[in-house]
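Next come the chains, spelled out residue by residue.
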Amino acid sequence: VLIGDPELESISVDGAWNTANGDVEYRCVHTRTSELLFAKGPFEDGTNNIAEFLGLVHALAYCAKQGIPLPIYTDSMTAMSWVKRKKAFTKHLRSERNKVLFDLVNRAEHWLSTNEPLNKILKWETEAWGEIKADFGRK
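Residues numbered from 1 in each chain as written. Predicted model: local features only at pLDDT ≥ 70, side-chain atom pairs only at ≥ 80, totals over all residues. Heavy atoms only, no water.

A. Local environment of helix 3 (residues 99-114). Taking 1.5 Å per residue as the helical rise, helix 3 with its 16 residues ought to reach 22 Å, and the 23 Å between its terminal C-alpha atoms agrees with that figure. Within helix 3, the full set of buried residues consists of Leu101, Phe102, Val105, Ala108, Glu109, Trp111 and Leu112. Taken together, the buried residues of helix 3 touch strand 2 (24-30), strand 3 (36-43), helix 1 (48-66) and helix 2 (77-85). (Helix = DSSP H or I, 4+ residues; strand = E, 2+ residues; numbered from the N terminus. Expected span 1.5 Å × (residues − 1). Buried < 20%, exposed > 50% of the residue type's maximum accessible area, 1.4 Å probe, protein only. Contact = heavy atoms within 4.5 Å.)

B. Up close: the pairing of strand 2. In terms of burial, strand 2 is largely enclosed, as six of its seven residues are buried. The pairing of strand 1 (residues 11-17) with strand 2 spans seven bridges and is classified as antiparallel. Bridge assignment links valine 13 to a residue of strand 2, and that residue is cysteine 28. What sits between strand 1 and strand 2 in their antiparallel hairpin is a turn of six residues, with glycine 22 showing a positive phi close to 80°. The turn joining strand 2 and strand 3, which pair antiparallel and follow one another in sequence, is formed by five residues; a positive phi near 65° is taken by serine 34. (Pairing = 2+ DSSP bridges.)

C. Quick peek at the packing of aromatic side chains. Across all of its chains, the model carries six aromatic pairs by this definition. When the ring of phenylalanine 53 is compared with that of tryptophan 82, the centres are 5.8 Å apart and the planes differ by 70°; the resulting orientation is edge-to-face. Here phenylalanine 53, found in helix 1, pairs with tryptophan 82, found in helix 2; they are 29 residues apart in sequence, far enough to count as distant. By relative accessible area, which is 7% here, tryptophan 82 ends up buried. Note on tyrosine 73 and tryptophan 124: the rings are 5.2 Å apart at their centroids and 90° apart in plane angle, and the pair reads as edge-to-face. With tyrosine 73 in strand 4 (residues 72-74) and tryptophan 124 in the loop between strand 5 (121-123) and helix 4 (126-129), this residue pair connects regions lying 51 residues apart in the sequence. Of the two residues, tyrosine 73 and tryptophan 124, neither departs from the other in class, the shared state being buried. (Phe/Tyr/Trp six-rings, centres within 6.5 Å; stacked < 30°, edge-to-face > 60°.)

Quick look at the structure:
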């Protein structure tokens, strides 16, 4: 089945999890130019799914604030699902180490519950297109 090509006039987000220390971060770039739009982290004691979720919600809020109607790509089906359901369904335990991270999760969930995102969220097809443009390149 042919997938086609990605829409280059778009935004791409990605999260990263450091397996050595559990820190997470995320960033957002313009897909065509790879221009960095924002980057956040590292945050202690998270998961890749949490980073992907935060990156996606941050991109939605960024686009809403800036009036950017471009589609947003993510390679995370989990993040897409959590955004659609307006809640991070993580089983990761909260602790003093990740308090800042979970404060961001709470803010993201609140933003989703009080705003209607205008941007299309699209799945980045890694097998067909290679790594998403926001990838951290650490694999």
